[in-house]
Amino acid sequence: MRRSIFTVVCIILFCHQLTFFNAQQTNFSCEIRPSQANTTEKLQQLRFHLIENNLTAYIIFSEDEHQSEYVQLYDERRAWITGFLGSAGVAVVTRDSAALWTDGRYWTHAEDELDCQNWYLMRSGQSGVPSTTNWLLSHVNATSPYNRVGVAAQFVASSWWSSVNNALSTQGASLVEVKELIDLIWQSSDRPVRPANDVFVHELNYTGVKWQDKVKTIARLIQAKNANAYIVTLLDDVAWLFNLRGSDIPYNPFFKVNFSYYFLIIIIKIDSFL
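The model shown is predicted, which means the values in this text are computed figures rather than measured ones. (Residues numbered from 1 in each chain as written. Predicted model: local features only at pLDDT ≥ 70, side-chain atom pairs only at ≥ 80, totals over all residues. Heavy atoms only, no water.)

J.: What is the right way to read the overall build of the protein chain from this model?
T.: Scanning the protein chain from N- to C-terminus turns up eleven helices and ten strands. Evaluated residue by residue, the protein chain yields a buried proportion of 41% over its 274 residues. When the accessible area of the protein chain is evaluated, it comes to approximately 15,800 Å², of which 55% is carbon and sulfur surface. (Helix = DSSP H or I, 4+ residues; strand = E, 2+ residues; numbered from the N terminus. Buried < 20%, exposed > 50% of the residue type's maximum accessible area, 1.4 Å probe, protein only. Areas by Shrake-Rupley, 256 points an atom, 1.4 Å probe, with all protein chains shown as cover.)

Okay, structure coming up:
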């Protein structure tokens, strides 16, 4: 009897172990479903511009120029090219492949919407899934055009650029600043218009502090750091600092400067406020 119980326990443990290892297998593909987008034509158009710019790959980000996770419909470039509408993710398109990285919050969402016929689904955080940088490293070398990875630099932080560019340099490759290529193929007839909504003052009885006092406080902090100025670029920071609100981004009380190739930057200089 004891031997039978021991045998059953061993079988259960063995089966559990098999299930565990099976769950850990890395699979970059996803099942093709009727609900998914078809991005074949979009990718063909984008790859034309890769060739025109002598690039081996192009990176598309979810964020806008202000590093906003939630963006205007006009700015949903990554969603448009992949079909995946979740708010977080990075896409990379090469001359012969395409991959989307997104975190565990969106794996199921991406499986329903991503064009799995044309895209790899990189489930960030899953064992065996390479980072965007490591995947790029496996697709570049020192020979042109395979040493050129295109990026629209207004959508990334300088720290990201330095980190990725340093990694690519180990393979004789580099990041290359180019125009936003999605804007060249996303036609206005198929694209939401840029909003031009009113900006309004958030009254003092809600904010509690005048915007002038906020700026003076920041100016004193700049002085304490022995600096000359402070640059404000995040949309929520700008809205808070000046007690202003808008509705340019769905479900967010923010506003943008909606002119092509321009975005909002506030520079606070000490000698202007102290």
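Here the narrative resumes.
J.: Sorry if this is basic, but what is going on with helix α2 (residues 40-52) here?
T.: Along an α-helix, residues three or four apart share an orientation, since each turn contains 3.6 residues. For α2, which comprises 13 residues, the first-to-last C-alpha distance of 19 Å matches the rise-based estimate of 18 Å (1.5 Å per residue) to within 8%. For α2, the complete set of buried residues consists of L43, L46, R47, H49 and L50. Taken down its axis, α2 places every buried residue within 155° of arc, on the same side. Exposed and oriented more than 90 degrees from the buried face of α2 are E41, Q44, I51 and E52. Check the buried side of α2 and you find it contacts β1 (57-61), α3 (77-82), β2 (90-94), β3 (98-102) and α7 (182-185). (Expected span 1.5 Å × (residues − 1). Arc of directions from axis to C-beta. Contact = heavy atoms within 4.5 Å.)

J.: Just checking my understanding: could you explain the pairing of β2 for this structure?
T.: Look at any regular strand and the pattern is simple: side chains alternate between the two faces of the sheet. With four of five residues buried, β2 lies mostly within the body of the structure. Note that β1 and β2 share five bridges and pair antiparallel. Note on β2: the bridge partner recorded for I60 is A91. Pairing of β2 with β3, which is carried by four bridges, proceeds in the antiparallel orientation. Residue A91 lies in a different strand from β3, and its bridge partner there is L100. Between the antiparallel neighbours β2 and β3 lie three residues. (Pairing = 2+ DSSP bridges.)

J.: Just to check I follow, could you spell out the state of the cysteines for this structure?
T.: Covalently bonding the sulfur atom of one cysteine to the sulfur atom of another cysteine gives a disulfide. Going through the model one piece at a time under the given rule, you end up with one disulfide. What pairs with C30 in a disulfide is C116, and their sulfur atoms sit 1.7 Å apart. One disulfide, between C30 and C116, carries an S-S torsion of -100° and so falls in the left-handed class. Here C30 is found in the loop between α1 (2-24) and α2, whereas its partner C116 is found in the loop between α4 (107-113) and β4 (120-123), with 86 residues between them in sequence. (Disulfide = S-S within 2.5 Å.)

J.: Would you take a moment to explain the sheet that holds strand β5 (residues 148-151) for this structure?
T.: Backbone-to-backbone hydrogen bonds pair the strands of a sheet. The strands run either parallel or antiparallel. If you trace the six strands from one edge of the open sheet to the other, you get β4-β3-β2-β1-β5-β6, paired in mixed fashion. The open sheet has two edge strands, β4 and β6 (174-177), and neither has a second partner. The sheet shows a mean angle of 25° between the axes of neighbouring strands, direction not considered. Across the sheet, α2 is in contact with β1, β2 and β3; its angle to β2 comes to roughly 65°. Here helix α6 (residues 158-169) sits on the sheet and contacts β1, β5 and β6; the angle it forms with β6, its principal contact strand, is near 130°. (Axes fitted to C-alpha atoms, helices over the stretch in contact; angles between N-to-C directions.)

J.: How should I be thinking about α6 in this particular structure?
T.: Here α6 spans 16 Å end to end across twelve residues, near enough to the 16 Å set by a 1.5 Å rise per residue. Among all positions of α6, only V164, A167 and L168 are buried. Buried residues of α6 fall within an arc of 100° about the axis and therefore sit on the same side. Exposed side of α6, more than 90 degrees from the buried face: S158, S159 and N166 are the residues found there. At its buried positions, α6 is contacted by α5 (132-137), β5 and β6.

J.: Just checking my understanding: could you explain the side chain of R78 for this structure?
T.: If you trace the backbone, R78 turns up in helix α3. In this structure the side chain of R78 is engaged in a polar contact, spanning 2.5 Å, whose partner is the backbone oxygen of F84. With residues up to four places along the chain from it excluded, the contact list for R78 reads I60, F61, S62, F84, L85, G86, S87, A88, G89, A91 and L100. (Polar contact = N/O pair within 3.5 Å; in protein donor to acceptor, adjacent residues only side chain to side chain.)

J.: Even after reading the chapter, I still don't get the pairing of β5, so can you show me in this structure?
T.: Two strands pair when backbone bridges link them, and β1 and β5 are joined in this way by two bridges, in the parallel orientation. Within β5, the position partnered with A57 by the bridge is V149. Here four bridges tie β5 to β6, and the two strands are oriented parallel to one another. Following the sheet pairing, V149 is matched in β6 by L175. Read from β5 through α6 to β6, the crossover connection turns out right-handed. (Right-handed = clockwise from strand over helix to strand, strands pointing away.)

J.: Would you mind showing me how to read the nonpolar core here?
T.: In globular proteins that are soluble, nonpolar side chains generally tend to be buried together. Ranked by internal contacts, the top residues of the largest apolar core, which has 48 residues, are L46, Y58, I81, W119, L168 and I182. Counting residues per element, this core draws most heavily on β1, which supplies five residues. Contacts of I81, omitting those with residues within four sequence positions, involve T39, K42, L43, L46, I60, W119, I182 and I185. Residues V215, I218, V232 and V238 belong to the second largest nonpolar core, which totals eleven residues. (Core = buried A, V, L, I, M, F, W, Y, C linked by side-chain atoms within 4.5 Å.)

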